[in-house]
Every structure is written in C-alpha cells, then in structure tokens.
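# Coordinate inspection notes
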Amino acid sequence: MDFIEKYEVFGSVRCWMYSVEWQKRGLPHAHILIWLHNKITSDEIDDVISAGIPRADVDKDLHAVIIKNMIHGPCGTLNPNSPCMVDGKCSKKYPRAFTANTITGDDGYPRYRRRSTEDGGNSAAVHMQNGVIEVDNRWVVPYSPLLSKTYRAHINVEYCNSVKSIKYISKYVNKGSDMAVFCVQPENSDRNAVQVIDEIAQYQAGRYISSNEAAWRIFHSPCMNVIQQ
C-alpha cells in the first residue's frame, strides 16, 4: 500500500481499504480497493492495466513474470481437470474473447484489449505437467506492469466503475474470517438413553484458521481488515 500511494501507481490515492484472507489453503490472498482523487478515463485504462503478453525482446523480465504468474490455467479442452472447471466450463470465463481495443463491458467492467496474433498480439509457450502449450492473450489475467515487475507475483488488477463495487466491498473486504461449527459431547455417552440437550453448550462456533495464519497472527502481522481515509 505504501508503494501504491508513494509512487502513485494508479494516480493520487484518496483512500484505500483491504482485507487478507487465507482461503483454508494456508496461503494469504489480499483484496484491495483504491479510490483515486482523479477518475481514470476510458482512454487511460491501457496506461495502467494490461491484459496482453509483453514482448520478450522489449522487456524480458516483465515477459518472464507474466508467463509465470499471470496466465490463467490453461483450462477447458487444454486441461479439463483444472480446478476452475465447473460443469465442463471455466468458472472464471477463460479463455476471454479477443478485443482490438479496450471497451466498456455489459457488467460495468472493461473488456481489456486482447489482440490476436494476427492483429499484433503475442503468444508464448507455457510448460505444464503434460507438456508445453501455446497460449495467447485470451489467457492473460489483467495486471499492472509496474506492480508485476516490482513484486514478481500474481497481482490481478481490475478497473471498477459501477455500483458492482459495493458488492465487491460487501462480499470480499468485510466478510470476516472463515467460521466452523462443531459439536462437543461426552466420549462415553449412551446415544440410546434419553438426554436433555443443551444446544448452547454442546454446539460451538469458532474461527477457522490455518497453521500459517496462526503463525502470521502470533508474530503480530497487520490486522485482517484495514481502512484508511
């Protein structure tokens, strides 16, 4: 957050909010919302967000980072066993359609520029367990070239300019920790006997955390939810 504010990666920041979740898998995942003093116009989106494979002869380091971290899947017919597959379709809607220029989508999010190889777009070889697969811009997760090259990690960046941002805030940023409900009963209890059940004492609700998150909290890392204005 200090990097985004200090270097104004997307412009002067008015306020920001983020939440870190662990998704039961032991790996932290941050959801970040940033409000800017000056609204990014439609013709400026391509200056801060890209959905294309960079040319290796222009920026070799960025090309390597994007191929390693920002290629979705591949899934579908290329990999039917991918975790994103639900009922035979990609739940993340990949591969996306080619788009010559960034336009406003029907859901309020832009359809980022994804040029085909015939239209000047790039392709690259991705190594998978079953071999090497050739992918193009349809498989690229939108990213910020500056953030990707700086942190060399998976950082998905999206431009949101609709009421759907309220849904994002409510669903991801403020949903809190994962919870688990469990039952406590005596080890040698007679299940056939008539018992008076105290549901308040017998059923307990607790926060569900992984061992990595527990260590993260013990060593006094930042709180789960942070807001600054």
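Residues numbered from 1 in each chain as written. Predicted model: local features only at pLDDT ≥ 70, side-chain atom pairs only at ≥ 80, totals over all residues. Heavy atoms only, no water.

Per an unreviewed UniProt entry, the protein chain goes by Helitron_like_N domain-containing protein and derives from Trichonephila clavata.

### Here's the deal with the overall build of the protein chain
Of regular secondary structure, the protein chain possesses seven helices and 11 strands. When the 229 residues of the protein chain are sorted by exposure, 33% land in the buried category. Of all intrachain contacts in the protein chain linking residues separated by at least 6 positions in sequence, the fraction that spans at least 24 positions is 58%. Put simply, the protein chain shows about 15,500 Å² of open surface, and 50% of that area lies on carbon and sulfur atoms. (Helix = DSSP H or I, 4+ residues; strand = E, 2+ residues; numbered from the N terminus. Buried < 20%, exposed > 50% of the residue type's maximum accessible area, 1.4 Å probe, protein only. Contact = heavy atoms within 4.5 Å. Areas by Shrake-Rupley, 256 points an atom, 1.4 Å probe, with all protein chains shown as cover.)

### Focus: the layout of surface pockets
Here the second largest pocket defines a volume of roughly 230 Å³. Forming the walls of the second largest pocket are 13 residues, and the residues nearest its centre are Ser50, Gly52, Arg113, Arg115 and Asn137. (1 Å grid on protein atoms, 1.4 Å probe; cavity = no way out; pocket = protein on both sides within 12 Å on 5 of 7 lines; lining within 4 Å. Points joined across faces, edges and corners; volume = space filled by probe spheres on them.)

### Remarks on the pattern of salt bridges
The tally for this structure, following the rule as stated, stands at four salt bridges. We note a salt bridge from arginine 113 to aspartate 46, for which the minimum N-O separation is 3.7 Å. Of this pair, arginine 113 sits in the loop between β6 (110–111) and β7 (123–128) while aspartate 46 sits in helix α2 (residues 45–48), placing them 67 residues apart in sequence. Here arginine 113 falls in the partly exposed class, since its relative accessible area comes to 33%. On the basis of relative accessibility, which here comes to 29%, the residue aspartate 46 falls in the partly exposed class. Close ionic contact of aspartate 57 with arginine 55 constitutes a salt bridge, the shortest N to O distance being 3.0 Å. (Salt bridge = Lys/Arg side-chain N within 4 Å of Asp/Glu carboxyl O.)

### A look at helix α3 (residues 60–69)
Those residues of α3 that fall on the buried side of the exposure criterion are Leu62, His63, Val65, Ile66, Ile67 and Asn69. Buried residues along α3 sit in contact with β7 and α4 (145–151).

### Quick notes on the packing of aromatic side chains
Two aromatic rings, taken as a pair, are described by how far apart their centres are and by the angle between their planes. Tallied over the full model, the rule gives three aromatic pairs. A centroid spacing of 4.9 Å and a plane angle of 45° characterise the contact between phenylalanine 3 and tyrosine 7, whose relative ring orientation is tilted. Ring geometry for tryptophan 16 and tyrosine 18: centres 5.7 Å apart, planes at 20°, overall stacked. Each residue in the set Phe3, Tyr7 and Tyr151 is aromatic and connected to the rest through ring pairs, giving one cluster. (Phe/Tyr/Trp six-rings, centres within 6.5 Å; stacked < 30°, edge-to-face > 60°.)

### Some details on the confidence of the model for the protein chain
Mean pLDDT over the protein chain works out to 83, with 81% of the residues at or above the 70 mark. Taken together, the stretch residues 223–229 has pLDDT below 50 and engages in 22 contacts with residues farther than four places along the chain or on a different chain. (pLDDT = per-residue confidence, 0-100.)

### Description of the environment of valine 9
In this fold, valine 9 is placed in the loop between α1 (2–6) and β1 (13–21). Taking the C-alpha atoms as reference, valine 9 lies 9.9 Å from proline 145; in sequence the two are 136 residues apart. Leave out the neighbours within four places in its chain, and valine 9 touches Phe3, Ile4, Val48, Ser144, Leu146 and Leu147.

### Quick notes on the environment of valine 132
The residue valine 132 is located in strand β8 (residues 131–136) in this model. Sequence-distant contacts of valine 132, that is, excluding residues within four places in its chain, are made with Ala125, Val126 and His127.

### Focus: the pairing of β8
As a general feature of sheets, a regular strand has side chains that alternate between the two faces. Note that β7 and β8 share six bridges and pair antiparallel. When the sheet's bridge partners are listed, methionine 128 is paired in β8 with glycine 131. Taking the residues between adjacent antiparallel strands as the criterion, β7 and β8 are bridged by two residues. (Pairing = 2+ DSSP bridges.)

### Focus: the side chain of arginine 114
Secondary-structure assignment places arginine 114 in the loop between β6 and β7. Buried and unpaired, arginine 114 has no salt bridge, with glutamate 158 as the nearest side chain of opposite charge at 6.5 Å. Among the polar contacts listed, one links the side chain of arginine 114 to the backbone oxygen of valine 140, at a separation of 2.7 Å. Apart from residues lying up to four places away in sequence, arginine 114 is in contact with Ala51, Tyr94, Arg96, Ala97, Phe98, Thr99, Asn137, Arg138, Trp139, Val140 and Pro142. (Lys, Arg positive; Asp, Glu negative; His and termini not counted. Polar contact = N/O pair within 3.5 Å; in protein donor to acceptor, adjacent residues only side chain to side chain.)

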